[in-house]
Amino acid sequence: MNILRGLVGGALGYVVGAGLMMAIRSSAGGRAWEVESVTAGAWLFALSGWLLGVGVWRYWARGWFGRDVAPYTATGGRRYLDFDTDHKVIGIQYLVTFLGMFFMAGLFAMLMRWELMGNGEDIVGPDQYNSIMSLHGTMMVFVAVAATVGAFGNYVVPIMIGADDMAFPKLNAMSYWLVPPVLIALTASFLAGGYDTGWTGYAPLSVQSDVGGLFFNLAFFTLGLSSIVGAINIVVTVVTMRAEGMTWTRMPIFVWSIFVTAILSFIFTQFIGLAMLMVVLDRTAGTIFFDPAAGGSPLLYQHVFWFYSHPAVYIMILPAFGITLELVSTFTRKPLFGYKWAVGALLGIMSLSAVVWAHHMFTSGMAEALRKPFLASTELISIPTGLIFLCALGTLWLGKIRFEVPMLFALGVLFNFLIGGITGVFLADVPVDIQLQDTYFVVAHFHYVILGGGIFGLFGATYYWFPKMTGRSMSDRLGKVHFWWMMIGFNATFLPMFILGMQGMNRRVADYSPDLESANFAVSMGGFFLGTSFVIFLFNFIWSWARGPAAPADPWGSLTLEWQIPSPPPHENFTSPPLVLSDPYGYGDPDSVHADLARDGAKTVVEK
Amino acid sequence: MSGDESKKANTRWVVMTGLLWVVATVLGELAVAAIEWHPFGASREARITDDAFDLLMVLSVPVISFVLVMGGVALVRGRGGVIDEDGPPVRSHRLFIGGWVVLTSALAVLVIITPGFSGLDELRAEPVPDLVIDVHAERWNWVYTYPESGRETQGELVLPVDQRIMFRISSTDVIHSFWIPAFRIKQDAVPGQITTTMVTPEALGEFDNADELRVQCAELCGVGHARMWTGVRVVTEAEFEEWLAGAGG
Ligand SMILES: [Cu+2]
Ligand SMILES: [Cu+2]
């Protein structure tokens, strides 16, 4: 119902905005209708209309005008389709939406590997290939940026710090409901024939691309809006909503990782919005930011773009680090080794990530003098990143290890990121990068980081918190089959890509020279194998949610707060505000108590 | 086990891990040395770049093997844990953390950044060209002009061996990237800007014998991007002069 209202609101907004744009255009002496400039201007109105219709008006904005807000009546499954302000509902909305987007983008990847299986252009032409490749990259970047933070940052973080919800629940709902317009813009882009710029959308190519490119700009802009709103919420929640006794040094490391991620997202996302906006203005309003003939600069785009998009890499990977350390501690039944070093590592990565963006531009034609500083700053990131491995290895050592499914994924993150990180050191070395930039070596590297690190972390988190979110257990056996299938498929796909890149295969091509055919065939086979592994996950996920056996409150024996309350948690999370007494890593210490959850009533103290 | 015995057992595991690490590193280095990582290289720049790559490869082996060996030993040793049996409450270890921080910092600063800088300096040395060639990128082909003789070609880039060559690269439409895999040089062609890169070819050859001897566009530039390439032919100086004069076709 509210979705229908949102669609009507969006359509009305578009009409109003389009009318306004057309009035402006004709008063300036131009032709009233021109699809790009009218749509670009009308998008903001459509977005507002959508938000108002989907729930902002009825549940929120009416109050601004002294009216009574509508009572919220949705219950059960319908809450997931409504403007619900419960952080747990929003977390599940994010998880399902972005898993869906992940599988869609994965299908595009299958199509790409099908085309690249043999030499020559067999399945799709170069034009379609570019569109598919661009959509695959864009959607996967969206998933990597938003899935873990949106799903588990929302669902788990408030409970972990002992809060009953986020600081701004309505804003939280709004940040989720900004995602459907992103999907609409991507679909519109696809229907309009796509765009051929890749997810990086470099100007001036992007300024000249077809109307599909405009929808890409609008989609990224809108996702950025959603990210910023969500990030503000998480930062404020962690700063102000921690339970009594939940000091900074007692926070679970996952909370730290999401907190640091949110700060990055809050600071840097505006720059991607800016990059997109500047391209839209160049396309529609006659500005000349990137037009060299009129005094603009194509390199300006790359600087603004990477000023966001490098930190974005850490927005994708830091939550996975947090999950990994959390899981390693839980499944070794040992305190997190070097907790303060792990926090320091997260903060160090956060700070350094602001000053490394031009390592994507070593061959771009930027000033020669910039190469050395960016080489140095980038290589320095290996120090805090190494600390994450220090903490993981130190925790594993002497651990009593349980190879549960989430733990397997955590170990997968460590293995894959080891390769992703070390090849990053290669790419930061300017002479090596000059040869490898824009080849499959880069493609392999960032898939090791983002898929092998970030998305493996997302799946680990999903297996780990599924019982808490649904009150049901996933099949352990299917989970293990999925892990090994995915792990083998992943490495079989992306390890040979390093070799392909070194042998001279450049990225973003539908065709390549004949001598690369056998390696490409092998990569495609690995890719199909990897792709099928998700069928098992999907089956397990859906079946367990509907029919899985009931899960206990704390199936993993973890000490953090979310496991001390029922699965799924009640609406207000805790019956009385928890009193936190120590950090949640008291394994091996019989006297350690993380929190008192019932200080008003009967004394049922949560022990390890 | 008494405290003493468990301490002893622990020392044994540490020693074993260390030994395994040494063995894994030696084996890894041997494997790295045995494999030919690089495609056909034919320039001064290719030597510098390949050396830099090889150095990083040699350095990565002990790092990778350390993480895998220590992690692997911990997993094997600690396998079969159960939910109600805790590990020891170890939260820190001064020597391990201190050593790690010092070593990784030294590795980053001394052994990675410093050679990166010197490799870059080496690439930039010898900045005076014997020959300048203008490279113009346009969707979707390459145009080469030899300003001294005014000769303009498409379809093949002809270069003299052992000469210092500077490419002045330009574009009119979108960004392209001038890449010759055999030379390990790559430089974007940016509209509104002249970018430069230098190379000294050191081996004769042509595309028909070596796929890597080609100019390949490396920056996505639209539908013809994959096909935006031409062959490269490296000839002797005499042949080059002859070709430049128009006789060599
Ligand atoms: Cu980067
Ligand atoms: Cu190109």
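Since the structure is predicted, the reported quantities are computational estimates derived from the model, not experimental observations. Once a new chain begins, its residue numbering starts again from 1 and follows that chain's sequence as written. Chain labels run from A onward and ligand labels from 1 onward, assigned in the order the entries are written. Owing to the predicted nature of the model, reporting of local features is limited to residues with pLDDT of at least 70; listing and counting of side-chain atom pairs is limited to 80 or more, with chain, interface and lining totals taken over all residues. Remark: hydrogens and water are excluded; side-chain values derive from all non-hydrogen atoms of the structure.

## Things to note about the pattern of salt bridges
Stage number 1. Between Lys or Arg on one side and Asp or Glu on the other, a salt bridge is scored when a side-chain nitrogen of the former is within 4 Å of a carboxyl oxygen of the latter. Inspection of the entire model under this criterion finds 19 salt bridges over all chains.
Stage number 2. For Arg79 of chain A, the salt bridge goes to Asp84 of chain A, with nearest N and O atoms at 2.9 Å.
Stage number 3. Residue Asp84 of chain A is classed as buried on the basis of its relative accessible area, which comes to 3%.
Stage number 4. Across the pair Glu45 of chain B and Arg44 of chain B runs a salt bridge whose closest N-O atoms are separated by 2.9 Å. Across the pair, Arg44 of chain B and Glu45 of chain B agree in class, each one buried.
Stage number 5. Overlapping salt bridges bring together Glu368, Arg371 and Lys372 of chain A together with Asp121 and Arg124 of chain B as one network. Classification of residues uses two cut-offs on accessible area relative to the type maximum, computed with a 1.4 Å probe and protein chains only: under 20% is buried, over 50% is exposed, and between them is partly exposed.

## A look at the side chain of Ser226 of chain A
Residue and element names in this part refer to chain A.
Stage number 1. Counting from the N terminus, the helices are the DSSP runs of H or I reaching at least four residues and the strands are the DSSP runs of E reaching at least two. On the secondary structure map, Ser226 appears in helix α9 (residues 211-240).
Stage number 2. Given a relative accessible area of 3%, Ser226 falls into the buried group.
Stage number 3. Once you skip the residues sitting within four places of it in the chain, Ser226 turns out to touch Tyr94, Ser175, Leu178 and Val179. In this analysis, two residues are considered to be in contact whenever any of their non-hydrogen atoms come within 4.5 Å of each other.

## A few points about the interface of chain A and chain B
Stage number 1. Contact with chain A, which involves 89 residues of that partner, is made by 84 residues of chain B.
Stage number 2. Per-residue buried area on chain A facing chain B is highest for Lys372, Trp397 and Gln435 of chain A; these three make up 10% of the total on that side.
Stage number 3. Along the contact surface separating chain A from chain B lie five salt bridges.
Stage number 4. Between Lys400 of chain A and Glu85 of chain B there is a salt bridge, with the nearest N and O atoms lying 3.7 Å from each other.
Stage number 5. Identification of polar contacts relies on pairs of N or O atoms within 3.5 Å, with a donor-acceptor requirement for protein atoms, meaning one able to donate a hydrogen and the other able to accept it, and with residues adjacent in sequence counted only if both atoms are side-chain atoms. Run the count over chain A and chain B and you get 24 residue pairs in polar contact (both at pLDDT 80 or more).
Stage number 6. Of all the secondary structure elements, the ones that give two or more residues to the side of chain A that touches chain B are α4 (126-155), α8 (205-208), α11 (298-332), α13 (371-380), α14 (382-396), α15 (405-428), α16 (430-436) and α18 (476-502) of chain A.
Stage number 7. The element best represented in the side of chain A that touches chain B is α14 of chain A, accounting for nine residues. As a working definition, buried area equals the accessible area (1.4 Å probe) given up by two parts on being put together, with both sides summed.

## Details of the coordination of the copper ion (ligand 1)
Residues and elements named next belong to chain A.
Stage number 1. Coordination partners: N, O, S within 2.8 Å of the metal, 3.2 Å for Na, K and Ca; water not considered, so apparent gaps in a site are possible. Distances from the copper ion (ligand 1) to its protein donors, namely His310 (ND1), His359 (NE2) and His360 (NE2), fall within the range 1.6 to 2.0 Å.
Stage number 2. Counting gaps between the donor residues of the copper ion (ligand 1) yields the pattern H-x48-H-H. Highlighted residues: His310 in helix α11 and His359 in the loop between α12 (339-352) and α13, separated in sequence by 49 residues. Each member of the pair, His310 as well as His359, is classed as buried.

## What to know about the environment of Ile90 of chain A
Stage number 1. Relative to the assigned elements, Ile90 of chain A resides in helix α3 (residues 87-116).
Stage number 2. Dropping the residues within four chain positions of it, Ile90 of chain A is found in contact with Asp84, Thr85, Asn154, Pro169, Asn172, Ala173 and Tyr176 of chain A.

## A word on the environment of Leu418 of chain A
Stage number 1. Checked against the element boundaries, Leu418 of chain A lands in helix α15.
Stage number 2. Its relative accessible area of 6% is what places Leu418 of chain A among the buried residues.
Stage number 3. Beyond its immediate chain neighbours, meaning those up to four positions away, Leu418 of chain A contacts Phe389 and Val413 of chain A together with Ile64, Val67 and Leu68 of chain B.

## Some points on the packing of aromatic side chains
Within a pair of aromatic rings, the relevant descriptors are the distance that separates the centres and the angle that separates the planes.
Residue and element names in this part refer to chain A.
Stage number 1. Stacked, edge-to-face and tilted labels apply to pairs of Phe, Tyr and Trp rings (six-membered ring for Trp) whose centres lie within 6.5 Å, assigned for plane angles under 30 degrees, over 60, and everything in between, in that order. By the definition in use, this model includes 78 aromatic pairs over all chains.
Stage number 2. Geometrically, the ring pair formed by Phe102 and Phe103 is edge-to-face, given 5.4 Å between the ring centres and 70° between the ring planes. The same class applies to Phe102 and to Phe103, which are both buried.
Stage number 3. Judged by centre distance (5.5 Å) and plane angle (90°), the rings of Phe290 and Tyr301 are edge-to-face. Residue Phe290 is found in the loop between α10 (253-284) and α11, and its partner Tyr301 is found in helix α11; the two are separated by eleven residues along the sequence.
Stage number 4. Sitting over a ring, as applied to charges here, requires NZ of Lys or CZ of Arg to be within 6 Å of the ring centre and within 35 degrees of the ring normal. Across from the ring centre of Trp248, 4.0 Å away, lies the NZ or CZ of Arg242, which sits over that ring.

## Section: a nonpolar patch on the surface
Residue and element names in this part refer to chain A.
Stage number 1. To count toward a patch, a residue needs a relative accessible area above 30% and no salt bridge. Like charges then connect within 9 Å, nonpolar side chains (Val, Leu, Ile, Met, Phe, Trp, Tyr) within 5 Å. Accessible surface area values rest on a Shrake-Rupley calculation with a 1.4 Å probe, where residue burial reflects the displayed protein chains alone. A cluster of nonpolar side chains, Val16, Leu20, Ile24, Leu44 and Phe45, forms an exposed patch at the surface whose accessible area comes to about 440 Å².
Stage number 2. Contributions of two or more residues to the nonpolar patch are made by α1 (2-27) and α2 (35-64).
Stage number 3. Residue contributions to the nonpolar patch peak at three residues, all from α1.
Stage number 4. The residue Val16 is located in helix α1 in this model.
Stage number 5. For Val16, a relative accessible area of 53% corresponds to the exposed category.

## Notes on the pairing of strand β2 (residues 141-146) of chain B
Residues and elements named next belong to chain B.
Stage number 1. Pairing of strand β1 (residues 131-138) with β2 involves five bridges; the strand directions are antiparallel. Paired with His136 across the two strands is Val143, which belongs to β2.
Stage number 2. DSSP calls a pair of strands paired once it identifies at least 2 bridges connecting them. For β2 and strand β3 (residues 151-154), the ladder comprises four bridges, and the chain directions are antiparallel. Note on β3: the bridge partner recorded for Thr145 is Glu152.
Stage number 3. Adjacent in sequence and paired antiparallel, β2 and β3 are bridged by four residues, among which Gly150 carries a positive phi angle near 75°.

## Details of the side chain of Thr138 of chain A
Residues and elements named next belong to chain A.
Stage number 1. Tracing the chain through its elements places Thr138 in helix α4.
Stage number 2. Within polar-contact distance, the side chain of Thr138 engages the side chain of Tyr195 at 2.6 Å.
Stage number 3. Beyond its immediate sequence surroundings of up to four residues, Thr138 is in contact with Leu186, Tyr195, Trp199 and Phe216.

## Thoughts on empty space enclosed by the protein
Stage number 1. Grid spacing is 1 Å over the protein atoms alone, the probe is 1.4 Å, and a cavity is where that probe fits but cannot get out, while a pocket is an open set with protein on both sides within 12 Å along at least five of seven lines and lining residues have an atom within 4 Å of a point. Grid points are joined across faces, edges and corners, and a volume is the space filled by probe spheres set on the points. In total, this model carries six cavities of 30 Å³ or more according to the counting rule given.
Stage number 2. The volume enclosed by the largest cavity comes to roughly 200 Å³.
Stage number 3. Considering the residues around the largest cavity, the lining is formed by 21 residues, among which Val149, Gly150, Ser227, Gly230 and Ala231 of chain A are closest to the centre.
Stage number 4. Residue assignment for the lining of the largest cavity shows that the elements contributing at least two residues are α3, α4, α6 (169-177), α9 and α10 of chain A.
Stage number 5. Per-element tally for the lining of the largest cavity: the top contributor is α9 of chain A, with six residues.
Stage number 6. Amino acids are sorted into nonpolar (Ala, Val, Leu, Ile, Met, Phe, Trp, Tyr, Cys and Pro), charged (Asp, Glu, Lys and Arg) and polar (every other residue, Gly among them). When grouped by side-chain class, the residues that make up the lining of the largest cavity number twelve nonpolar, nine polar and no charged.
Stage number 7. Approximately 80 Å³ is the volume found for the second largest cavity.
Stage number 8. Looking at the lining of the second largest cavity, the elements with two or more residues in it are α16 of chain A together with α2 (44-78) of chain B.
Stage number 9. Of the residues in the lining of the second largest cavity, the class split is five nonpolar, three polar and two charged.

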